[in-house]
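Letter by letter, the chains look like this.
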Amino acid sequence: MEGSKLFLKSDEVATILMISKRTLQNYRSDGRLKYYKLSRKVILYRAEDVVELLKQSWCCSYQKDRVNALLRKYGVIYKC
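Residues numbered from 1 in each chain as written. Predicted model: local features only at pLDDT ≥ 70, side-chain atom pairs only at ≥ 80, totals over all residues. Heavy atoms only, no water.

**Notes on the side chain of Arg28**
Its place among the elements puts Arg28 in helix α2 (residues 21-30). Here Arg28 occupies a buried position and makes no salt bridge, while the nearest side chain of opposite charge, Asp11, is found at 10 Å. At 2.6 Å, the side chain of Arg28 forms a polar contact with the side chain of Tyr45. Apart from residues lying up to four places away in sequence, Arg28 is in contact with Ser10, Leu33, Tyr35, Ile43 and Tyr45. (Helix = DSSP H or I, 4+ residues; strand = E, 2+ residues; numbered from the N terminus. Buried < 20%, exposed > 50% of the residue type's maximum accessible area, 1.4 Å probe, protein only. Lys, Arg positive; Asp, Glu negative; His and termini not counted. Salt bridge = Lys/Arg side-chain N within 4 Å of Asp/Glu carboxyl O. Polar contact = N/O pair within 3.5 Å; in protein donor to acceptor, adjacent residues only side chain to side chain. Contact = heavy atoms within 4.5 Å.)

This is the structure we're talking about:
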């Protein structure tokens, strides 16, 4: 996967991880997820880093199927 060149916006990452934007902010503050702040309002995440976070977290098979579908929607190839 050429994940280093694929970046996702905050709303896309929140959708993929099935979390709120506030929880995503907590992940940034806690250092759980690397991010790149381009401006005050524009924050991007490498798809590769989002996949790494998914590998570390536990989720049931139903959630894995949803996550895989959302990753495919955003062009990230990964199988939980």
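**As for the packing of aromatic side chains**
Any pair of aromatic rings gets described here by the distance separating the centres and the angle formed by the planes. Scanning the entire structure with this criterion turns up 1 aromatic pair. Centroid distance Phe7 to Tyr36: 5.7 Å. Interplanar angle 85°. Geometry classified as edge-to-face. Taken together, the residues Phe7 in strand β1 (residues 7-9) and Tyr36 in strand β2 (residues 36-37) connect sequence positions 29 residues apart. Directly above the aromatic system of Tyr35 lies the positively charged group of Arg28, at a separation of 5.8 Å from the ring centroid. (Phe/Tyr/Trp six-rings, centres within 6.5 Å; stacked < 30°, edge-to-face > 60°. Lys NZ or Arg CZ within 6 Å of the ring centre and 35° of its normal.)

**Some remarks on the pattern of salt bridges**
One side chain can pair with another of opposite charge once the charged atoms of both are near each other. By the definition in use, this model includes 3 salt bridges. As a salt-bridge pair, Glu48 and Arg46 come within 3.0 Å of each other at their nearest N and O atoms. Note on Glu48: relative accessible area 28%, which makes it partly exposed. By relative accessible area, which is 17% here, Arg46 ends up buried. Members of the salt-bridge network, linked through shared partners, are Arg46, Glu48 and Asp49.

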